Amino acid sequence: MTSEQTAQSGAVSRGRPRDPAVESAILRATLERLAADGYARTSLGDIAKAAGVTRPTIYLRWANLHELVVDALGLIAPGAAGAEVDGLDPQDALKAAMRAVMPEEVRERGLGLMGHILADAGRHPDLLEIFRERTIAPQLNILIDTMRQLQDHGSVKADVDVEVLADLCLGSYLATFLRTGELDPAEADRVIDTLWPLISTDG
């Protein structure tokens, strides 16, 4: 078989696993290993072992570690746009948006992953860019969209820079963890309760 035929055969054989649970296990194992060891020290062998599959099973869907990581990062990205604010207390709507960007079930893994990606940014700047695009941008967009809705409703001051405010809200998760060494389950309440008097039209 020629090298071209081999490449074509590999391209044809790589398809999604028949069992979606297998793909989910591989993606989740990838995030766990990245959060624990970082990109540079993570191997497909480690991921296969953590997921309870073989390396060939991974290669059926992903050509290499980079492609697998790109897909795995989508697991910790929020899937919705801004929170719907109609009928909600404005302050509660903003708290809900902040919780949505970093759900409790992914918070520790997400922060650990963020730390490793920042540490590896010099050696793997492309990974940082993917993380920005696949994870950070969707998180910020939820906050920004919600804040703009609240501005349209007249609940948040029109001159508030919603992008800066979104940075503060998302960044507080990491800052609090670095300061205390713990995850605060009441982070959204604490941050929004502090910011609200400064941004609210009732303030």
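To be clear, the structure that these remarks concern was listed above.
Things to note about helix 5 (residues 65–73)
Turning to step 1, where the next piece is worked out: Every buried residue of helix 5 is listed here: Leu65, Leu68, Val69, Val70, Ala72 and Leu73.
Turning to step 2, where the next piece is worked out: The opening residue of helix 5 is Asn64, an N-cap whose side-chain oxygen sits 3.2 Å from the backbone nitrogen of His66.

Some words on the nonpolar core
Side chains of nonpolar character tend, in soluble globular proteins, to be buried together.
Turning to step 1, where the next piece is worked out: Counting 58 residues, the largest nonpolar core has Ile58, Leu113 and Leu143 as the members making the most contacts within it.
Turning to step 2, where the next piece is worked out: Secondary-structure elements contributing two or more residues to this core are helix 2 (20–37), helix 3 (44–51), helix 5, helix 6 (90–101), helix 7 (104–119), helix 8 (125–152), helix 9 (162–180) and helix 10 (187–199).
Turning to step 3, where the next piece is worked out: For this core, the element with the highest residue contribution is helix 8, accounting for eleven residues.
Turning to step 4, where the next piece is worked out: Leaving out residues up to four positions away in the same chain, Leu113 has contacts with Leu31, Leu34, Ala35, Leu73, Ile76 and Phe131.

Quick look at the environment of Leu75
Turning to step 1, where the next piece is worked out: For Leu75, the location among the structural elements is in the loop between helix 5 and helix 6.
Turning to step 2, where the next piece is worked out: Take Leu75: its relative accessible area is 32%, and that puts it in the partly exposed class.
Turning to step 3, where the next piece is worked out: Expressed as a C-alpha distance, the spacing of Leu75 and Val106, which sit 31 residues apart in the sequence, is 9.0 Å.
Turning to step 4, where the next piece is worked out: Ignoring any residue separated from it by four or fewer positions in sequence, one finds Leu75 in contact with Leu27, Arg28 and Leu31.

Considerations on the side chain of Thr176
Turning to step 1, where the next piece is worked out: Position of Thr176 among the secondary structure elements: in helix 9.
Turning to step 2, where the next piece is worked out: Judged by relative accessible area, which is 7%, Thr176 ranks as buried.
Turning to step 3, where the next piece is worked out: A distance of 2.9 Å separates a polar atom in the side chain of Thr176 from a polar atom in the side chain of Arg190.
Turning to step 4, where the next piece is worked out: Residues contacting Thr176, with those up to four places away along its chain left out, are Gly181, Glu182, Asp184, Glu187 and Arg190.

Rules of the game
- All residue numbers here refer to positions counted from 1 along the written sequence of the relevant chain.
- It should be noted that, the model being predicted, local features are given only for residues of pLDDT at least 70 and side-chain atom pairs only at 80 or more, the latter also being counted only at that level, while totals for whole chains, interfaces and linings use all residues.
- For side-chain calculations, the full set of non-hydrogen atoms in the structure is used, while hydrogens and water are omitted.
- Summary of the burial criterion: residues with accessible area below 20% of their type's maximum are buried, those above 50% are exposed, and those between are partly exposed, where the area comes from a 1.4 Å probe applied to protein chains only.
- Helical segments are the DSSP runs of H or I of at least four residues, strand segments are the runs of E of at least two, and each set is numbered from the N terminus.
- As used in this structure description, the phrase polar contact means that two N or O atoms lie within 3.5 Å; if the pair is within protein, one of them must be able to donate a hydrogen and the other to accept it, and residues adjacent in sequence are counted only when both atoms belong to side chains.
- Throughout this description, the term nonpolar core refers to a set of buried Ala, Val, Leu, Ile, Met, Phe, Trp, Tyr and Cys residues connected via side-chain atoms within 4.5 Å.
- The contact definition used throughout considers only heavy atoms, calling two residues in contact when any of these lie within 4.5 Å.

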